[in-house]
Amino acid sequence: MKLYRSNFSPPSLKLYGTTIVNLLGTTGKSVADTDTVSFSSVNGHIYFDSLHDLKISGDGTEKTITNDTSATADIAVYDLTAMGDLDPARAA
């Protein structure tokens, strides 16, 4: 019985080191329904809103996220561009 392929080659892939930091910190923990949290964006950076599964484009202004889930929720925002010096093309 043959249990392996003799012509097997490992897949080619790229791994990137990433540090994930919630920009909201503890402010995003247990946010009541209809309450908001805010963060200051950096022009040209791309952010990820975990509550709405949404990418947000930074333009140097304050961004506000509203908990519209009808329940208390945890909200996290990640700066995809700043994570490991992620370039805008990879962040998109």
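For the structure itself, consult the block above.
So, here is what we can say about the structure in this document. (Residues numbered from 1 in each chain as written. Predicted model: local features only at pLDDT ≥ 70, side-chain atom pairs only at ≥ 80, totals over all residues. Heavy atoms only, no water.)

Now for the side chain of S41. With respect to the element layout, S41 can be found in the loop between β1 (36-40) and β2 (46-49). A relative accessible area of 7% places S41 in the buried class. Reaching out from S41, the side chain makes a polar contact with the backbone nitrogen of G60 at a distance of 3.2 Å. Within the structure, S41 has its side chain in polar contact with the backbone oxygen of T61 (distance 2.7 Å). (Helix = DSSP H or I, 4+ residues; strand = E, 2+ residues; numbered from the N terminus. Buried < 20%, exposed > 50% of the residue type's maximum accessible area, 1.4 Å probe, protein only. Polar contact = N/O pair within 3.5 Å; in protein donor to acceptor, adjacent residues only side chain to side chain.)

So, on to the environment of D49. In this structure, D49 sits in strand β2. Contacts of D49, omitting those with residues within four sequence positions, involve L54, I56, I65, I75 and A76. In this structure the side chain of D49 is engaged in a polar contact, spanning 2.9 Å, whose partner is the backbone nitrogen of L51. Of the polar contacts made by the side chain of D49, one reaches the side chain of H52; its length is 2.6 Å. (Contact = heavy atoms within 4.5 Å.)

Our next topic: the pattern of salt bridges. Under the criterion given, the structure shown has two salt bridges. A salt bridge links D74 to K29; the shortest N-O distance between them is 3.4 Å. Taken together, the positions of D74 in the loop between β4 (62-66) and β5 (77-79) and K29 in the segment before β1 put the pair 45 residues apart, joining distant regions of the chain. Take K29: its relative accessible area is 55%, and that puts it in the exposed class. For K63, the salt bridge goes to D59, with nearest N and O atoms at 3.3 Å. (Salt bridge = Lys/Arg side-chain N within 4 Å of Asp/Glu carboxyl O.)

What the three strands build is an open sheet, ordered β3-β2-β5; its pairing is antiparallel. Lying at the two open borders of the sheet, with one neighbouring strand each, are β3 (54-57) and β5. With strand direction ignored, the average angle separating the axes of adjacent strands in the sheet is 25°. The sheet contact formed by β2 and β3 spans four bridges and is antiparallel. Looking at β3, one finds that D49 is bridged to L54. (Pairing = 2+ DSSP bridges. Axes fitted to C-alpha atoms, helices over the stretch in contact; angles between N-to-C directions.)

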